[in-house]
Amino acid sequence: MSRKRSWAEPYKIKMVEPVFMTTQVEREKFIQEAGYNTFLLRSRDVYIDLLTDSGTSAMSDRQWAGIMMGDEAYAGSENFYHLESTIQDYYGYKFVVPTHQGRGAEHLISQILIKEGDYIPGNMYFTTTRLHQELAGGTFVDVIIDEAHDPDSEYPFKGNVDLNKLETLIKEKGADKIPYVSIATTVNMAGGQPISMKNLREVRALTDKYGIRIVHDMTRVAENAYMIKLLEDGFSELPVADIIKEICSLTDAATMSSKKDALVSIGGFLAINDEEIFAEARNLVVVYEGLHTYGGMAGRDMEALAIGITESVQDDHIRARVGQVHYLGEKLKASGIPIVNPIGTHGIFIDAKKFLPHLTQDMFPAQALAAEIYIDSGVRTMERGIVSAGRNKETGEHNYPNLELVRLTIPRRVYTQAHMDVIAESVEYVYENRNSISGLKMIFEPKYLRFFQARFEKL
Ligand code: F0G
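Residues numbered from 1 in each chain as written. Predicted model: local features only at pLDDT ≥ 70, side-chain atom pairs only at ≥ 80, totals over all residues. Heavy atoms only, no water.

## Notes on the overall build of the protein
Right, on to step 1. Along the protein, the regular secondary structure elements total 16 helices and 14 strands.
Right, on to step 2. Computed over its C-alpha atoms, the radius of gyration of the protein comes to 22 Å, within 12% of the 23 Å expected for a compact globule of 459 residues.
Right, on to step 3. Taken over the C-alpha atoms alone, the protein extends approximately 60 × 55 × 55 Å along its principal axes.
Right, on to step 4. Out of the 459 residues belonging to the protein, those deemed buried represent 57%.
Right, on to step 5. Long-range pairs, those at least 24 residues apart, make up 71% of the contacts in the protein between residues at least 6 apart in sequence.
Right, on to step 6. Total accessible area computed for the protein in this model is approximately 20,000 Å², and 51% of it derives from carbon and sulfur atoms.
Right, on to step 7. Side chains of the protein give 50 positive and 64 negative charges; the mean places of these two sets differ by 2 Å. (Helix = DSSP H or I, 4+ residues; strand = E, 2+ residues; numbered from the N terminus. Rg over C-alpha atoms; globule rule 2.2 N^0.38 Å. Buried < 20%, exposed > 50% of the residue type's maximum accessible area, 1.4 Å probe, protein only. Contact = heavy atoms within 4.5 Å. Areas by Shrake-Rupley, 256 points an atom, 1.4 Å probe, with all protein chains shown as cover. Lys, Arg positive; Asp, Glu negative; His and termini not counted. Charge placed at Lys NZ, Arg CZ, Asp CG, Glu CD.)

What follows is the structure, given as structure tokens:
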């Protein structure tokens, strides 16, 4: 018989942050005042915060010690050189430009590489990434496999690129109109789904044939590497750190939001192998972010990031991180809650269309469900459906996305297994009482990115 060992955390707790408990009557008032939008709640009124995994991780004692080692010189901070060598060592890219967070790096690379009229294929869009591509004059084209748009498909690598879609686009538009292919590890909007090494190698071979670059959104690369280790033939014995390095080696440049994988509250970078592009980025960063040795980060934040990167690639860490997400996902599945399959690596995505079949999509089922979960238990989640998808620019009608989801995003190293149990109990209770949940009516709609500030009323 093989020895069983569960995913338990490879750390112990040294400091805690008390949270405020509220009553259901109070929460009904808070969410009504927030216009049934979880983005408009105050964090002090939230018990377990699953709004995002961005900037919400717990730092280690080593990282906090690093904070005290901040060298806040305007130019040439020691912490920058530590960060630069850490990125070179663990990810293998040659040149580093620090930025204040991921979208700062997306802005720089888009401005440098994209010309008016260009096309940027990618394995599904991310909001800020696509917006910077569009602002630079480009058009994003989704070349992810069809399975990624189907919440019921059990395909293990739903982050894969459909090579036929990609090659058709290259032939149709011409390689000179495609400055790069945008590859995310893992794919956030698909539910935290990984790309396989086999598929990435094939994308590399195809882009090499046409002389096209690959720009890697490496925001959750360690989580992707861990899924390759778990699921792909030939990787089970390799350390996650080696798999990460191979992923990076198949790409030409990378944008990073350090607020996720890399275990810090703020920060990011652009990493590049081409010296000329680096020279341009190093010049442009001083316009928008800060000098090329801090790029919008304090020295202490660069130090915490360098240490966070080394912690984030450890097998024990990543096994516990993904293990906790899967623990919650399996629990919800066992009680029949409809979620996106397979379970992703940074959160659980509830299928609100199946959860609330009595509501039509224009009654905002995911928005209503997120509000209801908050009222029941103080657990804050986020809508990823018709509200997030916005309106069609030409017709002014709502976009009706196939995926109408509530995202339960798990911060890293923050919550315990008992918290996961409470979350599951709450979702189960709301599911048992789902027939009494009514839809919402939008009473205030901002012009841009409406999901952040829209207000609703119960129907
Ligand atoms: N790329 C991906 C895949 C992301 O998930 C994010 C942020 C970014 C880029 C942008 O990075 O926030 O540092 O500027 N995602 C957060 C989320 C906001 O909640 O999913 P940033």
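## Looking at the domain arrangement of the protein
Right, on to step 1. The domain architecture assigned to the protein consists of domain 1 (24–53 + 315–458) and domain 2 (61–312).
Right, on to step 2. Domain 1 and domain 2 are separated by 27 Å when their C-alpha centres are compared.
Right, on to step 3. Listed by partner, the interface residues are 25 residues for domain 1 and 33 residues for domain 2.
Right, on to step 4. Roughly 2,400 Å² is buried in total at the junction of domain 1 and domain 2, and carbon and sulfur atoms are behind 52% of that figure.
Right, on to step 5. At the junction of domain 1 and domain 2, the tally comes to six salt bridges. (Domains from an automatic or database assignment. Buried area = accessible area lost by both parts, 1.4 Å probe. Salt bridge = Lys/Arg side-chain N within 4 Å of Asp/Glu carboxyl O.)

## Observations regarding the sheet that holds strand S9 (residues 347–351)
Right, on to step 1. With antiparallel pairing, three strands are arranged side by side in an open sheet as S9-S12-S11. Two strands in the sheet have a free side with no partner beyond their single neighbour: S9 and strand S11 (382–384). If you compare each strand with its neighbour and ignore which way they point, the axes differ by 30° on average.
Right, on to step 2. Bridge count for S9 against strand S12 (residues 405–409) is five bridges, and the pairing is antiparallel. When the bridges of S12 are listed, Ile350 appears paired with Val406.
Right, on to step 3. With respect to the sheet, helix H14 (residues 365–377) is in contact with S9, S11 and S12, its orientation differing from that of S12 by roughly 40°. (Pairing = 2+ DSSP bridges. Axes fitted to C-alpha atoms, helices over the stretch in contact; angles between N-to-C directions.)

## Comments concerning the side chain of Thr207
Right, on to step 1. Structurally, Thr207 can be placed in helix H7 (residues 197–210).
Right, on to step 2. Separated by 3.0 Å, the side chain of Thr207 and the backbone oxygen of Arg204 make a polar contact.
Right, on to step 3. When sequence neighbours within four positions are dropped, the list of residues in contact with Thr207 reads Val181, Ile212 and Ile214. (Polar contact = N/O pair within 3.5 Å; in protein donor to acceptor, adjacent residues only side chain to side chain.)

## Section: the nonpolar core
Right, on to step 1. Among the nonpolar cores identified, the biggest contains 55 residues, and Tyr91, Met218, Ile244 and Phe269 are the most heavily contacted of them.
Right, on to step 2. Here this core gets six residues from one element, more than from any other, and that element is helix H8 (residues 221–231).
Right, on to step 3. With residues up to four places along the chain from it excluded, the contact list for Tyr91 reads Thr86, Met218, Val221, Ile244, Lys245, Cys248, Met256, Phe269, Ile309 and Ser312.
Right, on to step 4. Listed in part, the 31 residues of the second largest apolar core include Tyr47, Ile343, Val406 and Val427. (Core = buried A, V, L, I, M, F, W, Y, C linked by side-chain atoms within 4.5 Å.)

## Quick word on the site of the ligand
Right, on to step 1. Taken together, 16 residues lie around the ligand, and Thr52, Arg103, Asp217, Ser257 and Lys260 are the ones closest in.
Right, on to step 2. Within the contact set of the ligand, an oxygen atom lies 2.9 Å away from a side-chain nitrogen or oxygen of Gln101.
Right, on to step 3. Separating a nitrogen atom of the ligand from a side-chain N or O atom of Asp217 is a distance of 2.7 Å.
Right, on to step 4. Expressed as a share of its isolated accessible area of 470 Å², the protein-covered part of the ligand is 92%.
Right, on to step 5. Sorting elements by how many residues they give to the shell around the ligand places helix H4 (residues 102–113) first, with three residues. (Near = heavy atom within 4 Å.)

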